[in-house]
Amino acid sequence: MITTEQKDLVKVTVPVLKENGVALTDYFYKRMLNNNPELKETFNMGHQRSGSQAKALAGAVLAYAENIDDPSALAPVVELICHKHVSLNIQAPDYGIVGENLLHSISEVLGISMDDKLIGAWAAAYNQLADLFIATEKSLYEQQAKTHGSWLGWRDFIVDRKVKENSEITSFYLVPSDRKALPDYKPGQYITVRVQVPELGIKQPRQYSLSDSSSGKYLRISVKREDSRSADHDPGYVSSTLHNVITEGDTIEVSAPTGNFFLVNPDTNNVLISAGIGLTPMIAMLNQLITDQENPDGKPSLWDKAKSPSRDTEENKKQITFIYAARHPSVHAMRREINELADKHKNLKTFIAYESVSDGNVADEDYQLLGRLNLKEVPAELMPKDADYYLCGPIPFMQQQNATLLELGIPQENIHSEAFGTGGVSV
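So, how was this worked out
- Residues numbered from 1 in each chain as written.
- Predicted model: local features only at pLDDT ≥ 70, side-chain atom pairs only at ≥ 80, totals over all residues.
- Heavy atoms only, no water.
- Helix = DSSP H or I, 4+ residues; strand = E, 2+ residues; numbered from the N terminus.
- Buried < 20%, exposed > 50% of the residue type's maximum accessible area, 1.4 Å probe, protein only.
- Phe/Tyr/Trp six-rings, centres within 6.5 Å; stacked < 30°, edge-to-face > 60°.
- Lys NZ or Arg CZ within 6 Å of the ring centre and 35° of its normal.
- Axes fitted to C-alpha atoms, helices over the stretch in contact; angles between N-to-C directions.
- Parallel < 35°, antiparallel > 145°, perpendicular 65-115°, else oblique.
- Left-handed = near helix turned anticlockwise from the far one by under 90°.
- Contact = heavy atoms within 4.5 Å.
- Nonpolar A, V, L, I, M, F, W, Y, C, P; charged D, E, K, R; others polar.
- Salt bridge = Lys/Arg side-chain N within 4 Å of Asp/Glu carboxyl O.

As a further point, take unusual backbone geometry. Even without being a glycine, Arg179 presents a positive backbone phi close to 60°. Within the element layout of this structure, Arg179 appears in the loop between strand 2 (169-176) and strand 3 (190-197). Take Arg179: its relative accessible area is 60%, and that puts it in the exposed class.

Structure representation (structure tokens):
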């Protein structure tokens, strides 16, 4: 139990964390991975290489210190991180390793003794946070254990098909090696895949949104190949391996579907807004909404709310709007899939924005806006006030669309964002 004195000591370190937090967390990661090299197969070594992981952890540590009096304020972030941890099969003993290295890092970077009261305060604070994570993750593991077709830890999957969606994105259709059942999952959730990266000589995990609704036949992810875009930007370890090394018939490790970004209510109007690879969870949501409307009396819904008995009539179907922004037509993924759905289902409306086009490479009717997406230029009938709105794409993109939606009178509680902002999630 953390005392009031210990809380005050933690709060005293806030200015230090603001100034030196990244240096501290960078030191921590290097110390921990040097002492526990097996953890390199759990942590994203690409983010270690770029420094983004240290920066993210520094922000998290600072936020915890600033909210030490009421950690419940961080509940949404805790839930999000716990889903990530479960997808990586992180267990309670792992928190002991992290805690030991974190406390020693504070001691060594700040030049204070391990017997100092400040270290004791941070030990109490860390244990309080660890207990919260462990309890939350325990409930998620228990839920997985009770879900038909689900599993704990890693499960071998075969790459049944690789389908090139555009010049950058390839879809991978994954089937379990044991040919046993797959779980139903909520559209928008993700899995972690783990592959051997030849360049590193170790396995590396990455989290990718599932890009199709639950079928019981396969899991589909659609992966953007992260190439080197500049002298200081290295290609992605896992995306490059998936695109260039993994072939049809190969086996990779996969964790069970999880995540707290998913379709909330199929029985209302839904507007799906994405950019680039951010369309992957939106495709899953779109396919689920279509399936749900086509089979109103089919298998039980994945949502608590009961299906409306009137949804099987065309005039009563709720509107679905699919808004997508791409740099140019050649990187517009799954265009045919979306167009075929729109042609078949009159309640599905689409709006496409391209930043640029080349003369003759796309018909006029294939897009509605030339330039960056501005929701104020989307016809009002495509954006009903009573709809739920979903955002996924680069973080600046989501921030801009969220601000515009608020300006247009959409309540914040009706706006749902993929917090990782990539269409996949990265540790």
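For the coordinates displayed, the defined rule picks out seven aromatic pairs. Aromatic rings pair up to connect Phe28, Tyr29 and Phe43 into one cluster. A cation over an aromatic ring shows up here: Arg49 above the ring of Tyr237, its NZ or CZ 4.0 Å from the ring centre. Just above the ring of Trp151 sits the side chain of Arg155; from NZ or CZ to the centre is 4.8 Å.

Take the packing of helix 6 (residues 92-110) against helix 7 (residues 117-146) next. Axis separation between helix 6 and helix 7 bottoms out at 10 Å; the angle between their running directions is 155°. When the axis of helix 6 is compared with that of helix 7, the two are roughly antiparallel. Along this stretch, helix 6 crosses helix 7, giving a crossing that reads as right-handed. Seen from helix 6, the contacting residues are Ala92, Tyr95, Val98, Gly99, Leu102, Leu103, Ile106, Ser107 and Leu110; seen from helix 7, they are Leu118, Ile119, Trp122, Ala123, Tyr126, Ala130, Phe133, Ile134 and Glu137. Residue composition of the contact of helix 6 with helix 7, by class: 15 nonpolar, two polar and one charged.

Inspection of every chain in the model, using the stated rule, returns 14 salt bridges. For the salt bridge of Arg327 with Glu168, the shortest nitrogen-to-oxygen distance reads 2.7 Å. With a gap of 159 residues between them, Arg327 in the loop between strand 8 (320-326) and helix 10 (335-344) and Glu168 in the loop between strand 1 (155-164) and strand 2 connect regions that are remote in the sequence. On the basis of relative accessibility, which here comes to 37%, the residue Arg327 falls in the partly exposed class. Residue class for Glu168 comes out buried when judged on its relative accessible area of 16%. Glu253 is the partner of Lys203 in a salt bridge, and the nearest nitrogen-oxygen pair spans 3.4 Å. In this pair, Lys203 sits in strand 4 (residues 202-209) while Glu253 sits in strand 6 (residues 251-254), placing the two residues 50 residues apart along the sequence. A residue is classified by how much of its surface remains accessible, and Glu253, at 15% relative accessible area, is buried. Taken together, the shared-partner salt bridges in this structure form one network comprising Asp8, Lys11 and Asp69.

Geometry only, nothing functional implied.
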